[in-house]
Amino acid sequence: MVRYSSPQVSHVRVRFPPSPTGIPHLGNTRTALFNFLFARHNNGKFILRIEDTDRSRLVKGAEDKIKEILNWLDLSWDEFYRQSERLPLYKEKANELIKKGVARKDEGAVRFIIPKGKKISWEDAIGNKKISFKSDDIEDFIILKSDGYPTYHLASVVDDSDMKISHVIRGDEWISSTPKHILLYEALGWQHPIFAHLPVILGPDHTKLSKRHGAESVLDLRDKGFLKEAIINFMALLGWNPGGDREIMGISEMIKLFDLQDINTGSPIFDIKKLEWMNGEYIRKTQNSKLKSQILEFDPKIAQIEKFEQYIPLAKTRMKTLADFRVLVENQKDASLNERQKKLAQELVNAYRKLPEWKSALISTATIGVRDQIGASTQDVYAVLTGRPQGLPFEQKLEIQGQAGTISWLEGVLKR
RNA sequence: GGCGCCUUCGUCUAGCGGUCCAGGACACAGGGCUUUCAUCCCUGUAAUCACGGGUUCGAAUCCCGUAGGCGUCACCA
């Protein structure tokens, strides 16, 4: 089936509105990604809005972390707002609602009055379905707290209108709040934006993502050695399918293909195995020079390993994450050897000393010769040479490591 | 419990009434390549399309129920 890019929607303005009460997890970050993709696909604006209206739950540094995540992933925003700086606007609207008789004072707070016997419905852009609620099932709710700050409901409606948000793309845990928002839009005489409620990502235990699931934020994944390109690609494909069998896709390709119509209605489950595979795919297709800087950025101390960059082509096909590089390149110093392996080490030292030239072909024949002469196995060779049962192709690794370095390593092994 | 959303291999998904006794990817198993481990290549296991009723010549695809899962019922977002 031939697929075409979906047509552009005009005047698209979307927002990502995290509350600075913690570090966004993968699910929240994917919501940001989808908003970003939608904005860029339609040549619209992507707005970052900090929803800091709950003073008691503010976490210091959270806002910086949110920005760090978006910046690292290159999800750049076009406009920035902070709700705590817009208090007069919310207060004004709350008062307007009181004057209209649709809100009332309640112990220092302001409560919105739900009209009776109304049916509230909207067409949701995810799954193209109509969702409806009865107003009688909803209770009067607070819109302005006694500390003068608005609740999410009032603030988001006022801001989305003020900022001319065209599409509200958010997690589907907001579905049951949406009728409240629609009622507010109506009471204020405004038209509501298009709603798109994304199924949330679940953990392996089929419940909401949480700390228990390990890698809960993109920053944690980054610290484990995952590449942003892989994370973005993986997150995008959780719940979104651009059609066909395409899996490995760059951000520009995603922007070209993104369409709310292609987002699934069911909740996907986060499976780190697939992310690991995808990360490996990205590592393999990254240019060596770029991989070098990524490894250095991830683990600056790698620079202390002599000629480390020469190992990159060898390590590339054996890495799932950037963290794997060190393990591949560095020998295991405290491995214990049996008698046969010690003998192998001794004979190897003798053989290596006699080599006229330190080249992989010569290293290889010498090593295999000793191995067979002693009756050792290839696993023994790796155990002796690296301290691990397997590793980078030894003759190439040894050539890079150098004759002197290799011999002193083996002598160290023999002293244990 | 009320209200709402969801339901195709273990997982991500394709599928929009016939070409599907359901295709791809990850994971897993076996094989090839190979001086290790990988990469790469091939093969395989795995979904009676949650279940039960309809509609139709024909349903994974449409309709209705049931079950299960998830979400939400705060002066949190």
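Residues numbered from 1 in each chain as written. Chains lettered and ligands numbered in written order. Predicted model: local features only at pLDDT ≥ 70, side-chain atom pairs only at ≥ 80, totals over all residues. Heavy atoms only, no water.

A. Spatial organisation of the overall build of chain A. Assigned secondary structure in chain A consists of 17 helices and 10 strands. Against the compact-globule benchmark of 22 Å for 416 residues, chain A has a radius of gyration of 29 Å, which places it well outside the compact range. With the principal axes as the frame, chain A shows a C-alpha extent of 95 × 50 × 35 Å. Taking all 416 residues of chain A together, 50% fall into the buried category. Within chain A, contacts between residues separated by at least 24 positions form 76% of all contacts whose residues are at least 6 apart in sequence. In the form shown here, chain A has an accessible surface area of approximately 19,900 Å², with 49% of it arising from carbon and sulfur atoms. (Helix = DSSP H or I, 4+ residues; strand = E, 2+ residues; numbered from the N terminus. Rg over C-alpha atoms; globule rule 2.2 N^0.38 Å. Buried < 20%, exposed > 50% of the residue type's maximum accessible area, 1.4 Å probe, protein only. Contact = heavy atoms within 4.5 Å. Areas by Shrake-Rupley, 256 points an atom, 1.4 Å probe, with all protein chains shown as cover.)

B. Spatial organisation of the domain arrangement of chain A. Taken domain by domain, chain A consists of domain 1 (2–198), domain 2 (287–328) and domain 3 (339–414). When each unit is reduced to the centre of its C-alpha atoms, the spacing between domain 1 and domain 2 is 43 Å. (Domains from an automatic or database assignment.)

C. Local environment of the side chain of Lys316. Position of Lys316 relative to the elements: it lies in the loop between helix H11 (312–315) and helix H12 (324–329). Of the buried charged residues, Lys316 lacks a salt bridge, with Glu281 as the closest side chain of opposite charge at 12 Å. Ignoring sequence-local partners within four residues, the contact set of Lys316 consists of Ile283, Arg284, Thr286, Gln287, Asn288 and Leu291. (Lys, Arg positive; Asp, Glu negative; His and termini not counted. Salt bridge = Lys/Arg side-chain N within 4 Å of Asp/Glu carboxyl O.)

D. A look at the environment of Gln379. Here Gln379 shows up in helix H15 (residues 378–386). Residue Gln379 is classed as exposed on the basis of its relative accessible area of 51%.

E. Region of interest: the layout of surface pockets. Of the pockets and cavities examined, the largest pocket occupies roughly 950 Å³. The wall of the largest pocket is formed by 35 residues, among which Pro17, Ser19, Asn28, Glu173 and Trp174 lie closest to the centre. Listed by contribution, the elements that provide at least two residues to the lining of the largest pocket are strand S1 (13–16), helix H1 (26–41) and strand S9 (167–171). It is H1 that contributes the most residues to the lining of the largest pocket, four residues altogether. (1 Å grid on protein atoms, 1.4 Å probe; cavity = no way out; pocket = protein on both sides within 12 Å on 5 of 7 lines; lining within 4 Å. Points joined across faces, edges and corners; volume = space filled by probe spheres on them.)

F. Seen up close, the packing of helix H13 (residues 339–354) against helix H14 (residues 360–374). At a minimum axis distance of 10 Å, the contact between H13 and H14 shows a crossing angle of 140 degrees. One finds that H13 runs oblique with respect to H14. Relative to H14, H13 is oriented so that their crossing is right-handed. Contacts between H13 and H14 involve Arg340, Lys343, Leu344, Glu347, Leu348, Ala351 and Tyr352 from the first element and Ile363, Thr367, Val370, Arg371, Gln373 and Ile374 from the second. Considering only residue class, the contact of H13 with H14 consists of seven nonpolar, two polar and four charged. (Axes fitted to C-alpha atoms, helices over the stretch in contact; angles between N-to-C directions. Parallel < 35°, antiparallel > 145°, perpendicular 65-115°, else oblique. Left-handed = near helix turned anticlockwise from the far one by under 90°. Nonpolar A, V, L, I, M, F, W, Y, C, P; charged D, E, K, R; others polar.)

G. Fine view of the nonpolar core. Within the largest apolar cluster, 67 residues are counted, with the highest numbers of intra-cluster contacts made by Leu260 and Phe325. Counting residues per element, this core draws most heavily on H1, at eight residues. Leu260 has contacts with Phe38, Ala125, Ile126, His167, Ile169 and Ala196, leaving out every residue within four places of it along the chain. Leu97, Phe112, Trp122 and Leu188 belong to the second-largest nonpolar core, a separate cluster that totals 31 residues. (Core = buried A, V, L, I, M, F, W, Y, C linked by side-chain atoms within 4.5 Å.)

H. Highlighting the packing of aromatic side chains. If you walk through the whole model with that rule in mind, you get 11 aromatic pairs. Ring centres of Trp122 and Phe133 lie 6.1 Å apart, and the angle between their planes is 5 degrees; on these two criteria the pair is classed as stacked. Residue Trp122 is located in strand S6 (residues 119–124), and its partner Phe133 is located in strand S7 (residues 129–134); the two are separated by 11 residues in the primary sequence. Its relative accessible area of 24% is what places Phe133 among the partly exposed residues. An aromatic cluster is defined as three or more aromatic residues linked by ring pairs; in this entry it consists of Phe34, Trp240 and Phe258. Of note, Arg222 hangs over the ring of Trp72, and the distance from its end group to the ring centre comes to 5.5 Å. (Phe/Tyr/Trp six-rings, centres within 6.5 Å; stacked < 30°, edge-to-face > 60°. Lys NZ or Arg CZ within 6 Å of the ring centre and 35° of its normal.)

I. Quick peek at the pattern of salt bridges. One pass over the full model with this rule turns up 33 salt bridges. In this structure, Arg340 engages Asp380 in a salt bridge whose closest nitrogen and oxygen atoms are separated by 2.9 Å. Residue Arg340 is located in helix H13, and its partner Asp380 is located in helix H15; the two are separated by 40 residues in the primary sequence. Of the residues examined, Asp380 reaches a relative accessible area of 4% and is grouped as buried.

J. Just the confidence of the model for chain A, in detail. For chain A, per-residue confidence averages 94 on the pLDDT scale, and 97% of positions sit at 70 or higher. Confidence drops under pLDDT 50 across residues 1–5; counting only partners more than four residues distant or on other chains, this segment forms five contacts. (pLDDT = per-residue confidence, 0-100.)

K. Quick look at the protein's contact with RNA strand B. With respect to spatial proximity, 61 residues lie near RNA strand B, and among them Lys145, Gly239, Glu247, Thr317 and Arg318 are the closest. Atoms of RNA strand B within 4 Å of the protein belong to the sugar or the phosphate in 74% of instances, the rest to bases. In the model, a sugar or linking oxygen of RNA strand B is placed 3.0 Å from a nitrogen or oxygen of the Asn241 side chain. Note that a base oxygen of RNA strand B is positioned 3.2 Å from one of the backbone N or O atoms of Pro393. Taken together, the elements giving at least two residues each to the surface near RNA strand B come down to strand S5 (109–112), S7, helix H9 (272–285), H14, H15 and helix H16 (394–401). Residue contributions to the surface near RNA strand B peak at five residues, all from H9. (Near = heavy atom within 4 Å. Polar contact = N/O pair within 3.5 Å; in protein donor to acceptor, adjacent residues only side chain to side chain.)

L. Molecular detail of the sheet that holds S5. One open sheet accounts for three strands, arranged S4-S5-S8; its pairing is antiparallel. Among the strands making up the open sheet, the edge pair consists of strand S4 (103–106) and strand S8 (141–144). Ignoring strand direction, the axes of neighbouring strands in this sheet form an average angle of 45 degrees. Both S4 and S5 contribute to a ladder of four bridges, which runs antiparallel. Residue pairing for S5: Ala103 is matched across the bridge by Phe112. Together, S4, S5 and S8 form the strand contacts of helix H3 (residues 87–99), whose direction differs from that of S8 by roughly 130 degrees. (Pairing = 2+ DSSP bridges.)

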